[in-house]
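Spelled out from the first residue to the last, the chains are:
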Amino acid sequence: MSSPLPTLQDLRVAVTGGTSGLGLALVRALHAQGARVAFVARDASRVQRVAAELAGTHGIVGDIANKTDTHRIALQINAALGGLDVLVNNASSLGPVPLALLADTECEELEAALAANLVGPFRLTKALLGSLSASARDRRGSALVVNISSDAAVTPYAGWGAYGASKAALLHLSRIWNEELAEHGVRVISFDPGDMDTPLHALAVPDADPASLKRPADSARELIAKIVAEVAA
Amino acid sequence: MKAAHRPIQRPRDAKLLVVSASGLLQYAPRSELASFFRRGDLLVANDAATLPASLAGIHLRSGAPIEVRLAGRRSLAVDDLREFSAVVFGAGDHRTRTEDRAAPPPLRAGDTLALGPLKARVLRLLDHPRLVALAFDGTPDAIWAGIAQHGKPVQYAHVAEPLALWDVWTRVAALPVAFEPPSAGFVIDWQLLRALKERGVEFATLTHAAGLSSTGDAALDARLPFDEPYHLPQATVDAIAVTRRRSGRVIALGTTVTRALEHAASQRPLHAGDGLADQKLGADSVLRIVDAIVSGTHEPGTSHYELLRAFASDAVLARADAALLANGYRTHEFGDSVWVERSTDRPAAARTRRLHIAQVSRPRARAESSRPAVPLPRMRSPQ
């Protein structure tokens, strides 16, 4: 375990999809290193379990793909942390399970992938821009939005159409937003955590050898190093 | 004035009436708002997000349906939210005018209220049968979750369709502490902030727990605004100091910003931190910080209108009212806007000498006062 990074102390971070995979590893690591953490997930009992395991974290039940949940989630994030310095849009949907060729993907499945992977992060980020820009003014450093990306956002893998297209759109949205929000001190970046041993990966590739996959904790550590570098900039 | 009855924060045909320091009136489409700022000015907005502060439920002792409108809290601390002051209504909802709403059942200390997933206890009455102090059960996280899930934005009969949270959050909404939207801030979008930056105008925020604007009860309305906690960031205090040095103006976006800044300034020097605005601003108030206010249109008799009297004389405000009426300006939270500069004949004696000098050396003051008066101005066509 690396030594605590002083810049994480008291940093206010929100993580969506915080009860499994990379999100959970991230919540654990941030909590261990002294950040103030709120996390969001759909399943109330899992949210409760993680919040109980990691005393001091704030669990929020909600579905980022659902428009009417967006401001309720944003309200609770701002309330729990008294503002926000870093938002990690981690919650993702794979699209059709098992993976389907694009021509076999129903429009509703594509829409659901876009709702979770593109529109959801767009809406939640927008609802939290007030606190993120306030953080940038008050701290005189950057506030940060991290959108979790994938190599499928760049490389056209057959069978990954809904996921890849939604992640490609998110990647470009991040780049445009980063341009637009620079003058307000809010950075928007993408982070590709690699192929990890997570529930999402197991849905996509059920017979993958876990030993060949990255541990989510390792990706979380890389992401935290990136967060520290960005907010200190 | 007619009410704006659609929940649209920035209608394309929104209008602005500018009341200059010398009492001149100027009409403009609100889309031209940025052009009234000068290089070196500072715009200060209230970045409070609006709570869904209307909680429907049951008064358990009587079984009667009630609506609780959260109305106040002693601080902004996010974990200090057990106790609220609240206005209680009987059966019904916003579609009935507040003045016509049924009274709640008789309330007394110890009564319990079931409000969706929330449970609250009446601690005491606050010198009025409908104004109570209440305490929620549960952890702060559970209370926030309950309010987020069950609450609805406080709304009034002039807007028929149910408001969603996104209707009442400004673009810069952050900490959820306002009981009604700081609606002057509806004019802000990120394009405006960009336009201001390009003009050399600074932008800063404070957080002020804007309270209810009306209760429907004359005795309670006379007590408005209730005490409102606020937080003034150091960055904003610094921005005000820089603005003064550059002879710029401090433009407050709304009554809540004015109230917070002037309250903070009453304990000089202006300092950052938390405060409780308990003063009422009116004709006799001396403004120490705010040079102009951008606000919704307000009707005489309201506490918001009283605050405008700190900026301009009754004669000037009467002319402005007549102009608003004659030109079809719309009122209430989704309505049109006014820009009212602190009149040159308002007392400024309390300012420091240096600030006073900064006032008279404003670069464009002369040009403005030589602008011709507009006794019966015509609307400029929008866009």
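Residues numbered from 1 in each chain as written. Chains lettered and ligands numbered in written order. Predicted model: local features only at pLDDT ≥ 70, side-chain atom pairs only at ≥ 80, totals over all residues.

Trainee: Kindly report on the overall build of chain A, identifying the contributing residues and their values.
Mentor: If you tally the helices and strands in chain A, you get seven helices and six strands. In sequence order, the secondary structure elements of chain A are arranged as β-α-β-α-β-α-β-α-β-α-β-α-α. A globule of 233 residues ought to have a C-alpha radius of gyration of about 17 Å, and chain A, at 17 Å, matches this closely. Taken along the three principal axes of its C-alpha coordinates, chain A extends 50 × 35 × 30 Å. (Helix = DSSP H or I, 4+ residues; strand = E, 2+ residues; numbered from the N terminus. Rg over C-alpha atoms; globule rule 2.2 N^0.38 Å.)

Trainee: Please provide a residue-by-residue account of the sheet that holds strand S14 (residues 228–232) of chain B, values included.
Mentor: Residues and elements named next belong to chain B. Read across the open sheet, the nine strands follow the order S3-S2-S19-S17-S15-S4-S13-S14-S16; overall the sheet is mixed. Single-partner strands in this sheet number two, and they are strand S3 (25–29) and strand S16 (273–277). With strand direction ignored, the average angle separating the axes of adjacent strands in the sheet is 25°. (Pairing = 2+ DSSP bridges. Axes fitted to C-alpha atoms, helices over the stretch in contact; angles between N-to-C directions.)

Trainee: Account for the interface of chain B and chain A, naming residues and giving values.
Mentor: Taken together, the 23 residues of chain B in the interface contact 17 residues of chain A. For the side of chain B that touches chain A, the elements supplying multiple residues, two or more each, are helix H1 (140–150), helix H2 (165–168), helix H3 (190–198) and strand S13 (202–208) of chain B. The greatest single-element share of the side of chain B that touches chain A, amounting to five residues, is contributed by H1 of chain B. Grouping the amino acids of the side of chain B that touches chain A by side-chain chemistry returns 16 nonpolar, two polar and five charged. (Contact = placed C-beta atoms within 7 Å. Nonpolar A, V, L, I, M, F, W, Y, C, P; charged D, E, K, R; others polar.)

Trainee: A description of the domain arrangement of chain B should follow, citing residues and the corresponding values.
Mentor: All names here are of chain B. For chain B, the assigned domains are domain 1 (2–49 + 162–369) and domain 2 (53–150). One C-alpha centre belongs to domain 1, the other to domain 2; they are set 30 Å apart. Every contact between the two is made by 18 residues of domain 1 and, on the other side, 17 residues of domain 2. Listed by contribution, the elements that provide at least two residues to the side of domain 1 that touches domain 2 are helix H4 (218–221) and S14. Looking at the side of domain 1 that touches domain 2, its residues break down into nine nonpolar, six polar and three charged. (Domains from an automatic or database assignment.)

Trainee: Give me the lowdown on the packing of helix H3 (residues 67–81) of chain A against H1 of chain B, citing residues and values where you can.
Mentor: It is the contact of H3 of chain A with H1 of chain B, at a shortest axis distance of 9 Å, that shows an interaxial angle of 155°. Between H3 of chain A and H1 of chain B, the crossing angle belongs to the class labelled roughly antiparallel. Crossing of H3 of chain A over H1 of chain B shows right-handed handedness. Only Asp141, Trp144, Ala145, Ala148 and Gln149 of chain B of H1 of chain B make contact with H3 of chain A, whose side of the interface consists of Arg72, Leu75, Gln76, Ala79 and Ala80 of chain A. Residue composition of the contact of H3 of chain A with H1 of chain B, by class: six nonpolar, two polar and two charged. (Parallel < 35°, antiparallel > 145°, perpendicular 65-115°, else oblique. Left-handed = near helix turned anticlockwise from the far one by under 90°.)

Trainee: Can you tell me about the environment of Ala49 of chain B, naming the residues and giving the values?
Mentor: With respect to the helices and strands, the residue Ala49 of chain B is situated in strand S5 (residues 49–50). Since 27 C-beta atoms lie within 10 Å of it, Ala49 of chain B is described here as buried. The spatial distance from the C-alpha of Ala49 of chain B to the C-alpha of Leu165 of chain B is 9.1 Å, given a sequence separation of 116 residues. If we ignore the near neighbours within four places in the chain, the residues touching Ala49 of chain B are Leu75, Asn78 and Gly130 of chain A together with Trp169, Ala173, Ala174, Leu175, Pro176 and Ala178 of chain B. (Buried ≥ 20, exposed ≤ 12 C-beta atoms within 10 Å, placed from the backbone.)

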